[in-house]
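Structural overview
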Amino acid sequence: MKHTAQSPIEWFAEAARWYVEAHQGCPCCGHQHCVFRSEWGPRIEYYCSLCDFSTCHDRQTGRCYAALGEENARSGDLFADPYLVDAMPAR
Ligand SMILES: [Zn+2]
């Protein structure tokens, strides 16, 4: 699986696009009909039930958060990259 997104904001944009264009598709594992969209107040979240990928955007603070699924976390190097830590919600 080739990951095209680089930062949490891009993962969120990808998730939003895949959700519409790929019929609840997941930009992380590439499957379809597995992503759920939810809104928590100002936050919009996409979650993949297959690979545990999740990403959310807070419209109030403008912050984005993205976490790759377990499968990808083990092999990927995204988690070692500091930008994910920087992008974590304040609380
Ligand atoms: Zn997935």
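Above this text sits the structure in question.
Residues numbered from 1 in each chain as written. Predicted model: local features only at pLDDT ≥ 70, side-chain atom pairs only at ≥ 80, totals over all residues.

**Details of the nonpolar core**
The biggest cluster of nonpolar side chains holds 14 residues, and the ones touching the most others in it are Ala15, Cys26, Cys28, Val35, Cys48, Cys51 and Phe53. When residues of this core are traced back to their parent elements, those giving at least two are helix H1 (8-21), strand E2 (43-48) and strand E4 (64-67). Broken down by element, the residue count for this core peaks at four residues, all from H1. The residues touching Val35, leaving out its near neighbours within four places in the chain, are Ala15, Tyr19, Gln24, Gly25, Cys26, Tyr46, Tyr47 and Cys48. (Core = buried A, V, L, I, M, F, W, Y, C linked by C-beta atoms within 7 Å. Buried ≥ 20, exposed ≤ 12 C-beta atoms within 10 Å, placed from the backbone. Helix = DSSP H or I, 4+ residues; strand = E, 2+ residues; numbered from the N terminus. Contact = placed C-beta atoms within 7 Å.)

**Regarding the pairing of E2**
Relative to E2, strand E1 (residues 35-40) is paired through six bridges, and the arrangement is antiparallel. Its bridge partner lying in E2, Trp40 is registered against Arg43. Linkage of E1 to E2, two consecutive antiparallel strands, is achieved through a turn of two residues, within which Gly41 is found at a positive phi near 60°. Sheet topology places E2 next to strand E3 (residues 54-58); five bridges connect them, and they run antiparallel. Among the inter-strand pairings, Tyr46 is bridged to a residue of E3, identified as Thr55. As consecutive antiparallel partners, E2 and E3 are separated by five residues, and within that stretch Asp52 has a phi angle of approximately 70°, a positive value. (Pairing = 2+ DSSP bridges.)

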